[in-house]
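# Structural overview for review
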Amino acid sequence: QKEVEQNSGPLSVPEGAIASLNCTYSDRGSQSFFWYRQYSGKSPELIMFIYSNGDKEDGRFTAQLNKASQYVSLLIRDSQPSDSATYLCAAEHSSASKIIFGSGTRLSIRP
Amino acid sequence: DVKVTQSSRYLVKRTGEKVFLECVQDMDHENMFWYRQDPGLGLRLIYFSYDVKMKEKGDIPEGYSVSREKKERFSLILESASTNQTSMYLCASSPPGTGFSYEQYFGPGTRLTVT
């Protein structure tokens with residue numbers, strides 16, 4: 001079992017709709033979770049982090065965390081073609097100063 | 001603005017060569033990381049370092065070594081390059097601490113091809 005699992009996609013969403021990206025993790029001790037966006041040919045960049053159960057909103061992005069279910073999600077409202085990218089979920093390792101990445105979900109926003 | 005730079009964007013080497021990949025960050029970060037990224041496998045941690053002259057193995061250290069003589073510089077060394085080390089190599093840095101301090105800043109990556 002991978003430590004951080006994501007559906008590889010591609011996930012195709014019409015422009016203006018809500019894109020929902022999901023992630024599960026296996027380390028129950030993980031406290032902090034991250035969503036990175038990676039455009040093709042570019043390096044990952046952080047777009048959201050969350051460490052409390054519930055929702056965290058930042059503009060069009062909402063991160064959701066459910067520690068009991070070991071589940072993290074990212075919602076993108078009013079999806080734009082510029083949101084087309086691979087989204088990487090990451091979880092803090094509970095016993096080392098590092099984070100574990102999932103393999104990413106490729107998101108495509110169709111005009 | 002945090003800046004992480006890597007010595008080359010593209011590199012082509014021959015099997016058996018010793019390869020050096022350099023990474024420099026300008027934010028005085030304690031933590032530095034080397035990843036490789038392959039299609040379908042995501043980001044895999046090779047080595048990381050908490051401080052100067054300190055290093056820790058990541059998930060796939062075999063065939064690699066690292067050097068951190070100065071805080072801002074973290075080098076990845078392929079002792080004897082092999083074709084299965086053809087990949088995108090990403091360096092990252094982060095400040096110390098816990099929680100959101102784990103935000104990592106990535107360099108632009110080096111696409112290494114071993115022939």
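First things first, this report covers the structure right here in the doc. Fair warning: this is a prediction, and the values are worked out from it, not measured in the lab.

Now for the state of the cysteines. A full pass over the atoms with the stated rule returns 2 disulfides over all chains. The disulfide partner of Cys23 of chain A is Cys89 of chain A, and the S-S distance across this bridge is 2.1 Å. Taking the torsion about the sulfur-sulfur bond, which here is approximately -75 degrees, the covalent link between Cys23 of chain A and Cys89 of chain A counts as left-handed. Separated by 66 residues along the polypeptide, Cys23 of chain A in strand 3 (residues 19-25) and Cys89 of chain A in strand 9 (residues 85-92) bring together distant segments of the chain. Both residues of the pair, Cys23 of chain A and Cys89 of chain A, belong to the buried class. Residue pairing for Cys23 of chain B: its cysteine sulfur links by disulfide to Cys91 of chain B, the two sulfurs lying 1.9 Å apart. On the sign convention where negative means left-handed, the S-S torsion of about -75 degrees between Cys23 of chain B and Cys91 of chain B marks this disulfide as left-handed.

We now examine the interface of chain A and chain B. In this complex, chain A contributes 20 residues to the contact, which on the side of chain B involves 22 residues. In total, about 1,700 Å² of surface goes out of reach between chain A and chain B, with carbon and sulfur atoms giving 59% of it. Our count for the chain A to chain B interface comes out at 3 residue pairs in polar contact (both at pLDDT 80 or more). At the level of secondary structure, the elements contributing two or more residues to the side of chain A that touches chain B comprise strand 4 (33-38), strand 5 (45-50), strand 9 and strand 10 (99-101) of chain A. With 3 residues, strand 4 of chain A is the largest single contributor of residues to the side of chain A that touches chain B.

A few words now on unusual backbone geometry. Cis rather than trans, the peptide bond between Gly9 of chain A and Pro10 of chain A has omega equal to 10 degrees. For Pro10 of chain A, the location among the structural elements is in the loop between strand 1 (4-6) and strand 2 (11-14). One non-glycine residue, Gln70 of chain A, lies in positive phi territory at about 55 degrees. Checked against the element boundaries, Gln70 of chain A lands in the loop between strand 7 (61-66) and strand 8 (71-76). Even without glycine at this site, Asp28 of chain B takes up a positive phi of about 60 degrees. When you line up the elements, Asp28 of chain B lands in the loop between strand 3 (19-25) and strand 4 (31-38). In this structure Asp28 of chain B comes out as exposed when scored by relative accessible area, which is 52%.

Residue and element names in this part refer to chain A. Spatial ordering of the open sheet is given by 1-3-8-7-6, a layout of 5 strands whose pairing is antiparallel. For this open sheet the edge positions go to strand 1 and strand 6 (54-58), each flanked by a neighbour on one side alone. Each adjacent strand pair in this sheet contributes to an overall mean axis angle of 20 degrees, direction not counted.

What counts, and at which threshold
Residues numbered from 1 in each chain as written. Chains lettered and ligands numbered in written order. Predicted model: local features only at pLDDT ≥ 70, side-chain atom pairs only at ≥ 80, totals over all residues. Heavy atoms only, no water. Disulfide = S-S within 2.5 Å. Helix = DSSP H or I, 4+ residues; strand = E, 2+ residues; numbered from the N terminus. Buried < 20%, exposed > 50% of the residue type's maximum accessible area, 1.4 Å probe, protein only. Contact = heavy atoms within 4.5 Å. Buried area = accessible area lost by both parts, 1.4 Å probe. Polar contact = N/O pair within 3.5 Å; in protein donor to acceptor, adjacent residues only side chain to side chain. Pairing = 2+ DSSP bridges. Axes fitted to C-alpha atoms, helices over the stretch in contact; angles between N-to-C directions.

Take it as geometry only, folks, not as evidence of what the structure does.
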